[in-house]
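# Descriptive analysis of the structure
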Amino acid sequence: MRSVTVAATTPYEVCVELDLDLKDAVSAALPPGAAILLTDSTVGPLHASSTDEALKEAGWALADVVTVPAGEGSKSLSAYELVIRKLARAGVPREGTLFALGGGVVGDLGGFVASSYMRGINFVQLPTSLLAMVDSSVGGKVGLDLPEGKNLVGAFLQPRLVAANLNWLETLPPREVSHGLAEVVKMGLLAGGKFFEDLRRLLGDARAGNLEALQALILHSVRAKAAVVAEDEREVGLRAVLNYGHTIGHGLEAAAGYVLPHGKAVAAGMLAAARLSRELLGADLLKTHEDLLHAAGLPLKVPAVDVESVLRAMGRDKKRRASDKAYTYRFVLLEDVGRPRRDVPVGVAEVRRAVEAVLGA
Ligand SMILES: NC(=O)c1ccc[n+]([C@@H]2O[C@H](COP(=O)([O-])OP(=O)(O)OC[C@H]3O[C@@H](n4cnc5c(N)ncnc54)[C@H](O)[C@@H]3O)[C@@H](O)[C@H]2O)c1
Ligand SMILES: [Zn+2]
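Reference entry: report on the structure contained in this document. (Residues numbered from 1 in each chain as written. Chains lettered and ligands numbered in written order. Predicted model: local features only at pLDDT ≥ 70, side-chain atom pairs only at ≥ 80, totals over all residues. Heavy atoms only, no water.)

Further remarks concern unusual backbone geometry. Phi at Asn151 takes a positive value of approximately 55 degrees, unusual for a residue other than glycine. Its location among the elements puts Asn151 in strand 8 (residues 149-156). One non-glycine residue, Glu235, adopts positive backbone phi at about 55 degrees. Along the chain, the position of Glu235 falls in the loop between helix 8 (211-231) and helix 9 (246-255). (Helix = DSSP H or I, 4+ residues; strand = E, 2+ residues; numbered from the N terminus.)

So this is what it looks like as structure tokens:
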């Protein structure tokens with residue numbers, strides 16, 4: 001089985017396979033018991049029953065299958081209340097397990113429920129979107145959005161297992177493949193080396209639905225993320241580099257009322273960060289960004305939103321420090337491919353210009 005070990009405090013496997021044997025993967029990770037399956041309204045009808053069957057074969061008894069509406073709107077306090085009360089009603093015990101079958105939304109929401117229900121139960125990620133396979137299912141950040149800002153409610157909860165069946169990607173719409181590739185491009189730019197060299201070629205094949213290319217990119221991304229998470233599990237320092245493109249990206253998402261897909265927001269956020277990297281660090285990587293994002297099928301601009309709302313949402317960004325003056329933001333920028341620099345202070349005028357440059361799709 002192709003897998004990557006995440007050397008967190010309690011290590012776990014990330015399995016990435018075509019025709020993944022879910023029964024075997026789950027059985028190797030934890031003993032069967034009471035469980036609940038969380039999914040969304042798109043993924044559930046496609047993949048919940050085969051998942052349910054595999055879990056039953058492995059000896060699990062699903063107390064309930066909980067379905068939330070597909071989309072970012074489900075990373076909300078109201079969805080959280082609905083799901084956590086279903087766990088209570090189904091009588092999931094403290095040693096129970098929550099399986100999250102879906103994209104990053106189901107993973108982030110399900111993980112936050114699992115982190116807080118009875119002060120924490122077991123959590124297993126079954127990522128079905130490319131974005132969730134390459135990024136959100138790994139590393140243990142879970143949480144919800146508030147209207148005031150993205151991911152403002154959250155916790156760290158490492159999963160006991162991440163099991164990604166590549167066949168799940170066969171039902172993923174092409175635009176969602178592109179959204180996942182935004183995070184792959186981010187990871188390639190941060191990691192450099194062989195990953196970056198392979199990126200350009202593999203992006204085209206991945207977009208064409210070639211599962212081998214997708215698997216190679218997923219494994220590259222997961223290895224790169226696992227290495228960072230192992231160094232800095234709770235984001236005291238180094239892990240912040242993974243927020244490349246996300247400072248402005250999250251501001252754009254909040255300003256657009258969460259109708260802008262995360263992948264597109266991150267793509268625009270990286271282009272803005274590339275401009276800032278050129279202005280402040282003299283790194284000329286804008287064309288590299290444009291070429292990669294174009295190859296990933298992503299637009300280079302997002303629909304116009306109010307710039308001041310973006311800045312306001314960024315003002316509530318968790319990466320800011322209490323001591324930061326009102327007019328400075330903290331950014332991860334690139335000195336070069338494979339050489340991120342974190343905590344770079346940037347003035348509000350520069351940020352405003354960088355945001356404006358990516359608005360108006
Ligand atoms: N926790 C982290 O470390 C982390 C990292 C990156 C992103 N995120 C979060 O992840 C979220 C974005 O994730 P996403 O892009 O997966 O969004 P998503 O969960 O909304 O999935 C995107 C769409 O694809 C559909 N879908 C998923 N799998 C499918 C399949 N196999 N077949 C058909 N349709 C499928 C979903 O129903 C949804 O409509 C954002 O909230 C972002 O903040 C978290
Ligand atoms: Zn992201």
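After that view of the structure, there is still more to cover.
Let's shift gears to the site of ligand 1. Near ligand 1, the surroundings consist of 27 residues, among which Asp40, Glu72, Thr128, Ser129 and Thr171 are the closest. Its free accessible area being 870 Å², ligand 1 has 91% of it covered by the protein chains. The set of elements that each furnish at least two residues to the shell around ligand 1 consists of helix 2 (43-57), helix 4 (104-116), helix 5 (130-136) and helix 6 (174-191). Here the residues of the shell around ligand 1 sort into eight nonpolar, nine polar and 10 charged. (Near = heavy atom within 4 Å. Areas by Shrake-Rupley, 256 points an atom, 1.4 Å probe, with all protein chains shown as cover. Nonpolar A, V, L, I, M, F, W, Y, C, P; charged D, E, K, R; others polar.)

The subject of this paragraph is the sheet that holds strand 2 (residues 12-17). Pairing within the open sheet is mixed, and its seven strands lie in the order 1-2-9-6-5-3-4. With partners counted over all chains shown, the strands left at the sheet margins are strand 1 (3-6) and strand 4 (61-68), one partner each. The sheet shows a mean angle of 15 degrees between the axes of neighbouring strands, direction not considered. Bridging between strand 3 (residues 34-40) and strand 5 (residues 97-102) involves four bridges; their strand directions are parallel. Paired with Leu37 across the strands is Phe99, a residue of strand 5. Lying over the sheet, helix 1 (residues 22-29) contacts strand 2, strand 5, strand 6 (122-127) and strand 9 (161-165), oriented at roughly 170 degrees with respect to strand 9. Relative to strand 5, helix 4 is tilted by about 170 degrees, and along the sheet it contacts strand 3, strand 4, strand 5 and strand 6. (Pairing = 2+ DSSP bridges. Axes fitted to C-alpha atoms, helices over the stretch in contact; angles between N-to-C directions. Contact = heavy atoms within 4.5 Å.)

For the zinc ion (ligand 2), the full set of protein donor atoms is Glu183 (OE), His246 (NE2) and His262 (NE2), and the range of their distances to it is 1.9 to 2.1 Å. Between consecutive donor residues of the zinc ion (ligand 2), the sequence gaps follow E-x62-H-x15-H. Taken as a pair, Glu183 in helix 6 and His246 in helix 9 lie far apart in primary sequence, 63 residues in all. Of the two residues, Glu183 and His246, both sit in the buried class. (Donors = N, O, S within 2.8 Å, 3.2 Å for Na, K, Ca; no water. Buried < 20%, exposed > 50% of the residue type's maximum accessible area, 1.4 Å probe, protein only.)

Turning next to the pairing of strand 10 (residues 328-336). Counting buried residues along strand 10, seven of its nine residues qualify, which places the element largely inside the surrounding structure. Here seven bridges tie strand 10 to strand 11 (residues 339-347), and the two strands are oriented antiparallel to one another. Among the inter-strand pairings, Phe331 is bridged to a residue of strand 11, identified as Val344. Taken together, strand 10 and the strand that follows it, strand 11, pair antiparallel across an intervening segment of two residues, in which Gly338 is found at a positive phi of about 80 degrees.

Where helix 1 is concerned, the buried positions are Leu22, Ala25 and Val26. Summarising the axial view, the buried residues of helix 1 lie within an arc of 90 degrees, below the 170-degree limit, and thus occupy one face. Against the buried residues of helix 1 lie strand 2, helix 2, strand 5, strand 6 and strand 9. Of the residues flanking the start of helix 1, the one acting as N-cap is Asp21, its side-chain oxygen 3.2 Å from the backbone nitrogen of Lys23. (Arc of directions from axis to C-beta. Polar contact = N/O pair within 3.5 Å; in protein donor to acceptor, adjacent residues only side chain to side chain.)

Further remarks concern the environment of Ile121. Position of Ile121 among the secondary structure elements: in the loop between helix 4 and strand 6. On the accessibility criterion, Ile121 (5% relative accessible area) is buried. With 27 residues separating them along the chain, Ile121 and Arg94 place their C-alpha atoms 5.8 Å apart. Apart from the residues lying within four places of it in its own chain, the contact partners of Ile121 are Leu87, Val92, Pro93, Arg94, Gly96, Thr97, Leu98, Ala114 and Leu157.

Relative to each other, helix 3 (residues 77-90) and helix 4 sit at 50 degrees, their axes nearing to 10 Å. Taken together, the axes of helix 3 and helix 4 lie oblique to each other. Remark: the crossing between helix 3 and helix 4 carries right-handed chirality. The residues of helix 4 that touch helix 3, namely those facing Ala79, Tyr80, Val83, Ile84 and Leu87, are Leu109, Phe112, Val113 and Ser116. Classifying every residue of the contact of helix 3 with helix 4 by side-chain character gives eight nonpolar, one polar and no charged. (Parallel < 35°, antiparallel > 145°, perpendicular 65-115°, else oblique. Left-handed = near helix turned anticlockwise from the far one by under 90°.)

Quick look at the packing of aromatic side chains now. Evaluation of the coordinates by the stated rule reveals two aromatic pairs. Seen from their ring centres, Trp60 and Phe99 are 5.1 Å apart, and the 90 degrees between their planes marks the pair as edge-to-face. Here Trp60, found in the loop between helix 2 and strand 4, pairs with Phe99, found in strand 5; they are 39 residues apart in sequence, far enough to count as distant. Exposure remark for Trp60: the relative accessible area of 3% places this residue in the buried category. For the pair Tyr80 and Phe112, a centre-to-centre distance of 5.1 Å together with 40 degrees between the ring planes defines the contact as tilted. With Tyr80 in helix 3 and Phe112 in helix 4, this pair connects stretches of sequence that are 32 residues apart. With respect to class, Tyr80 is no different from Phe112; both count as buried. (Phe/Tyr/Trp six-rings, centres within 6.5 Å; stacked < 30°, edge-to-face > 60°.)

Purely geometric stuff here, so don't read any function into it on its own.
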